Amino acid sequence: MTAVFQKELGAGRKVILFEDAETNWEVPWLDSCSAEGILSLESDFHHKVSTKDIFTLEDVEKICREGREPYMFRKEMFPEGIHVSPDRSRYDSIVEAFYKHLGEPEIVELDMELRKYMKYKAISKPVFLQGYRYAFLYISREGPHFSVYKKDDGDWTHYFTITLMLV
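Predicted model, so just to flag it, every value in this text is computed and none were measured.

## Quick word on the overall build of the protein chain
Within the protein chain, the regular secondary structure consists of 5 helices and 7 strands. Put simply, the protein chain runs from its N terminus to its C terminus through helices and strands in the order α-β-α-α-β-α-α-β-β-β-β-β. Here the protein chain, with 167 residues, has 44% of them falling under the buried criterion. Across the protein chain, contacts joining residues at least 24 apart in sequence account for 56% of those joining residues at least 6 apart. Only carbon and sulfur atoms are counted for the fraction: they give 51% of the accessible area of the protein chain, which is about 9900 Å².

Structural data, given as structure tokens:
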């Protein structure tokens, strides 16, 4: 799981991660997770990677089936610097309060205090594919996206990202 949070940990930032896996994927143009939908996606930015060039129909069916299953993460699964929190509803209510009162002059200081609670992540259960050669994750918060990791010489590295909506 170090590869998933490499950027944040490398910058010395603390990461708050919900212990319950994200099961409610929000893909704006898909009504639900579908093999055809996943196979139609391409990676972000310069070197385009098409999911259909890497994953088979069986792979994406597995992604849709297993990636949305309930799963509980444990602290020992993550490197130091990752705080695994059981308080999803608390964080969600804090963020909701932040957006509800954003811009109201009398609580600007409260807004600034609540802003620090917006830096948390929710990830899906990882789906390992093709004999653990690839790992597929849905990551919500701060721009929901799919991330694909590839195992090279025994180490997981970020392979590509598919951003699902601009924030």
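## So, the nonpolar core
Grouped together as the largest cluster of nonpolar side chains are 22 residues, with contacts concentrated most on Phe55, Phe136 and Phe146. Listing elements by their share of this core, those giving two or more residues are helix H2 (35–39), helix H3 (57–66), strand S4 (127–129), strand S5 (134–140), strand S6 (145–152) and strand S7 (155–163). If you look at the next biggest cluster of nonpolar residues, it comprises 15 residues, including Ala3, Leu17, Phe78 and Ile82.

## Looking at the packing of aromatic side chains
Between two aromatic rings, the relevant description is the distance of the centres plus the angle of the planes. Summed over the entire model, instances satisfying the criterion amount to 14 aromatic pairs. A centroid spacing of 5.7 Å and a plane angle of 65° characterise the contact between Phe73 and Phe78, whose relative ring orientation is edge-to-face. With a relative accessible area of 2%, Phe73 lands in the buried category. By relative accessible area, Phe78 is classed as buried at 8%. An aromatic cluster is built from Trp25, Phe55, Tyr134, Phe136, Tyr138, Phe146, Tyr159 and Phe160, whose rings are joined through pairwise contacts. Above the ring of Tyr159, the side-chain terminus of Lys150 is found at 5.1 Å from the ring centroid.

## Topic: H3
When H3 is considered as a whole, its buried residues turn out to be Asp59, Val60, Ile63 and Cys64. One side of H3 carries all its buried residues, which in axial view fall inside an arc of 135°. Exposed side of H3, more than 90 degrees from the buried face: Glu58 and Arg65 are the residues found there. Elements in contact with the buried residues of H3: H2, S4 and S5.

## Structural notes on the pairing of S5
Among the 7 residues of S5, 7 are classified as buried, and the element is accordingly described as predominantly covered. Relative to S5, S4 is paired through 3 bridges, and the arrangement is antiparallel. The partner of Leu129 across the bridge, within S5, is Tyr134. In sequence, S4 turns back onto S5 through a hairpin of 4 residues, with Gln130 there showing a positive phi of about 50°. Judged from the 6 bridges that link them, S5 and S6 form a sheet pairing that is antiparallel. Its bridge partner being in S6, Tyr134 is matched across the sheet by Lys150.

## A look at the side chain of Thr161
The residue Thr161 is located in strand S7 in this model. Separated by 2.6 Å, the side chains of Thr161 and His158 make a polar contact. If we ignore the near neighbours within four places in the chain, the residues touching Thr161 are Ser43, Asp44, His145, Phe146 and Ser147.

## Quick look at the pattern of salt bridges
One side chain can pair with another of opposite charge once the charged atoms of both are near each other. This structure, assessed with the given rule, holds 3 salt bridges. Its salt-bridge partner being Lys121, residue Glu8 comes within 3.1 Å of it at the nearest N-O pair. Note that Glu8 is positioned in helix H1 (residues 6–10) and Lys121 in strand S3 (residues 120–123), a separation of 113 residues in sequence. Neither residue differs from the other here; Glu8 and Lys121 are each classed as buried. Here Glu76 makes a salt bridge to Arg74, at a shortest N to O gap of 3.0 Å. Assessed through its relative accessible area of 61%, Glu76 is described here as exposed. Given the relative accessible area of 46%, Arg74 is considered partly exposed.

Cut-offs applied
- Residues numbered from 1 in each chain as written.
- Predicted model: local features only at pLDDT ≥ 70, side-chain atom pairs only at ≥ 80, totals over all residues.
- Heavy atoms only, no water.
- Helix = DSSP H or I, 4+ residues; strand = E, 2+ residues; numbered from the N terminus.
- Buried < 20%, exposed > 50% of the residue type's maximum accessible area, 1.4 Å probe, protein only.
- Contact = heavy atoms within 4.5 Å.
- Areas by Shrake-Rupley, 256 points an atom, 1.4 Å probe, with all protein chains shown as cover.
- Core = buried A, V, L, I, M, F, W, Y, C linked by side-chain atoms within 4.5 Å.
- Phe/Tyr/Trp six-rings, centres within 6.5 Å; stacked < 30°, edge-to-face > 60°.
- Lys NZ or Arg CZ within 6 Å of the ring centre and 35° of its normal.
- Arc of directions from axis to C-beta.
- Pairing = 2+ DSSP bridges.
- Polar contact = N/O pair within 3.5 Å; in protein donor to acceptor, adjacent residues only side chain to side chain.
- Salt bridge = Lys/Arg side-chain N within 4 Å of Asp/Glu carboxyl O.

As far as function goes, none of this settles anything; it's purely spatial.
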